[in-house]
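Now for the letters of each chain:
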Amino acid sequence: MKHGQTLLNRRRVLAGIGALGAASVVGAATKFSVAFARGAIGPGENAVLLVVDMQNCFLPGGTLPVKGGNEIIPIINELGKKFANIVMTQDWHTEHHTSFASSHPGKNPFETMELSYGTQVLWPDHCVQGSEDAMLAEGLDLPHAQLIIRKGYHNEVDSYSTFVAADKKTKTGLTGYLLERGLTEVYVCGLATDFCVSWSAVDARAAELTVSVIEDACRGIDLNGSVAAAWKSMAAAGVKRIQSTDIA
Ligand code: VGL
Ligand code: ZN
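Since this is a predicted model, take the numbers as computed values, not measurements.

The next point concerns the state of the cysteines. Note on terminology: a disulfide is the covalent bond linking the sulfur atoms of two cysteines. Under the defined criterion, the tally for this structure stands at one disulfide. For cysteine 57, the disulfide goes to cysteine 127, at an S-S distance of 1.9 Å. In this structure the cystine formed by cysteine 57 and cysteine 127 twists about its S-S bond by roughly 65 degrees; its chirality is therefore right-handed. Within this pair, whereas cysteine 57 is found in the loop between strand S1 (47-52) and helix H2 (72-80), its partner cysteine 127 is found in the loop between strand S4 (118-121) and strand S5 (147-151), the two being separated by 70 residues in sequence. The exposure class of cysteine 57 is buried, given its relative accessible area of 0%.

Rendered as structure tokens:
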């Protein structure tokens, strides 16, 4: 842990030097009054593209479809070419997972319920381990992705986050993987903006990583304003909101 921490601190100093370089680029572009010039971000060797839950279940025709989810596949494929490091995630539930409305008699999808770890939105059955529904989207073309990390496989606790489950205790191991590989700059895309993307982004900040969410490479579910709420909590956590065109 101590060694990992030292490593992280050293990398943060290096990242800081990188940021100074980037600041002058941004300075030159201020007449456009945007945070980044088009293509101003060139992902370095410590950058990783985190592709969240691009699975059949969240695409049109799936069990929990996110509107426009299929539209981001080509955007993510293009982004993928700009990153040396890619990690993908899969929502990977047991057959009678506690996040499923069907596991709670009398409950309907999209209602909420108090569970031991807090309020849980109840979902239609989705992304069951090994099912066709849980497979990665056919059109994804990211052959150089290095890790697929699964989450939500403990029957009694959900995990929107790719880092830690909803009980805030059960870890996926992703923090350790990223730190060990020196991947301290995380760029998040995928589904859904207001659940797995935002929870992952906020937890990546909690792990003291630099985090950007690529807005046009995400789509949201949007339950009662949850997309707006997600952007608010991401901003509060220091997550940067960028567009795919910001990346060179
Ligand atoms: C997700 C709801 C339930 C997501 C996963 O990937 O955003 N949302 N399970
Ligand atoms: Zn799920």
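Now that the structure has been shown, we can carry on.
Attention now goes to the site of ligand 1. Every residue near ligand 1 is listed here: Asp53, Phe58, Leu64, Asp91, Trp123, His126, Tyr160, Leu191, Ala192, Phe195, Cys196 and Ile221. In this structure, an oxygen atom belonging to ligand 1 sits 3.4 Å away from a main-chain N or O atom of leucine 191. Contact distances for ligand 1 include 3.0 Å between an oxygen atom and a backbone N or O atom of cysteine 196. Taken by itself ligand 1 offers 260 Å² of open surface, and the protein chains cover 100% of this. Its residues placed into classes, the shell around ligand 1 shows nine nonpolar, one polar and two charged.

The rules we used
- Residues numbered from 1 in each chain as written.
- Chains lettered and ligands numbered in written order.
- Predicted model: local features only at pLDDT ≥ 70, side-chain atom pairs only at ≥ 80, totals over all residues.
- Heavy atoms only, no water.
- Disulfide = S-S within 2.5 Å.
- Helix = DSSP H or I, 4+ residues; strand = E, 2+ residues; numbered from the N terminus.
- Buried < 20%, exposed > 50% of the residue type's maximum accessible area, 1.4 Å probe, protein only.
- Near = heavy atom within 4 Å.
- Polar contact = N/O pair within 3.5 Å; in protein donor to acceptor, adjacent residues only side chain to side chain.
- Areas by Shrake-Rupley, 256 points an atom, 1.4 Å probe, with all protein chains shown as cover.
- Nonpolar A, V, L, I, M, F, W, Y, C, P; charged D, E, K, R; others polar.

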